Amino acid sequence: MPIKVEASLEVDDKSNCAAVLVDVIRAVKLALDRKIGGPLIKVSAFYFKHPPIQAKNDEEAYKWFDEFVRNL
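Being a predicted model, the structure only gives us computed values, none of them experimental.

Scoring rules and cut-offs
- Residues numbered from 1 in each chain as written.
- Predicted model: local features only at pLDDT ≥ 70, side-chain atom pairs only at ≥ 80, totals over all residues.
- Heavy atoms only, no water.
- Helix = DSSP H or I, 4+ residues; strand = E, 2+ residues; numbered from the N terminus.
- Contact = heavy atoms within 4.5 Å.
- Phe/Tyr/Trp six-rings, centres within 6.5 Å; stacked < 30°, edge-to-face > 60°.
- Buried < 20%, exposed > 50% of the residue type's maximum accessible area, 1.4 Å probe, protein only.
- Lys NZ or Arg CZ within 6 Å of the ring centre and 35° of its normal.
- pLDDT = per-residue confidence, 0-100.
- Expected span 1.5 Å × (residues − 1).
- Arc of directions from axis to C-beta.
- Polar contact = N/O pair within 3.5 Å; in protein donor to acceptor, adjacent residues only side chain to side chain.

Visitor: Break down unusual backbone geometry for me, with residues and values.
Guide: Non-glycine residue K35 carries a positive phi angle of around 60 degrees. With respect to the helices and strands, K35 occurs in the loop between helix 1 (14–33) and helix 2 (41–47).

The structure is reproduced here in structure tokens:
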């Protein structure tokens, strides 16, 4: 049976949030294609203010995200 999901987001900084959400959605699609479940630590550390595991700095968070995308 087909499933339809609708989601909405309301934030004060809508214009800056759109690009981030598109990137996060792409990362989630990568995870689904790779059959990865659970929290996406490397993605969350780079894109979100309060990730499950905080990187030491932005450079480390970017490195984690890059490793995730490259499937390392």
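So, next bit.
Visitor: Describe the environment of S44, listing the residues and the values that go with them.
Guide: Secondary-structure assignment places S44 in helix 2. Sequence-wise, S44 and A7 are 37 residues apart; in three dimensions their C-alpha atoms are separated by 19 Å. If we skip the residues at most four places from it in the chain, S44 touches P51 and P52.

Visitor: I'd love a proper account of the packing of aromatic side chains, names of residues and values included.
Guide: Aromatic ring pairs are described here by two measures, namely the spacing of the ring centres and the angle between the planes. Counted according to the given criterion, the structure contains 4 aromatic pairs. Ring geometry for F46 versus Y47: centroids 4.8 Å apart, planes at 80 degrees, classification edge-to-face. On the basis of relative accessibility, which here comes to 31%, the residue F46 falls in the partly exposed class. An aromatic cluster is present here, built from F46, Y47, Y62 and F65 joined pairwise through their rings. Above the plane of the ring of F68 lies R34, whose end atom (NZ or CZ) is 5.3 Å from the centre.

Visitor: Before we move on, can you summarise the confidence of the model for the protein with the specific residues and values?
Guide: Overall, the predicted model of the protein reaches an average pLDDT of 89, with 96% of residues at or above 70. Within the protein, helix 1 has the poorest average pLDDT of any element, 87, and helix 3 (residues 58–70) the best, 95.

Visitor: Let's hear about helix 3: which residues, and what values?
Guide: Note on helix geometry: an α-helix contains 3.6 residues per turn, so any two residues three or four positions apart are oriented the same way. Taking 1.5 Å as the rise per residue, helix 3 with 13 residues should run 18 Å; its terminal C-alpha atoms sit 18 Å apart, in good agreement. Within the span of helix 3, buried status applies to A61, W64, F65 and F68. Along the axis of helix 3, the buried positions cluster into a sector of 95 degrees, meaning they face one direction only. Away from its buried face by more than 90 degrees, helix 3 exposes E59, K63 and R70. N-capping of helix 3 is provided by N57, with a side-chain oxygen placed 3.2 Å from the backbone N of E59. N71 sits one or two residues past helix 3 and shows a positive phi near 65 degrees.

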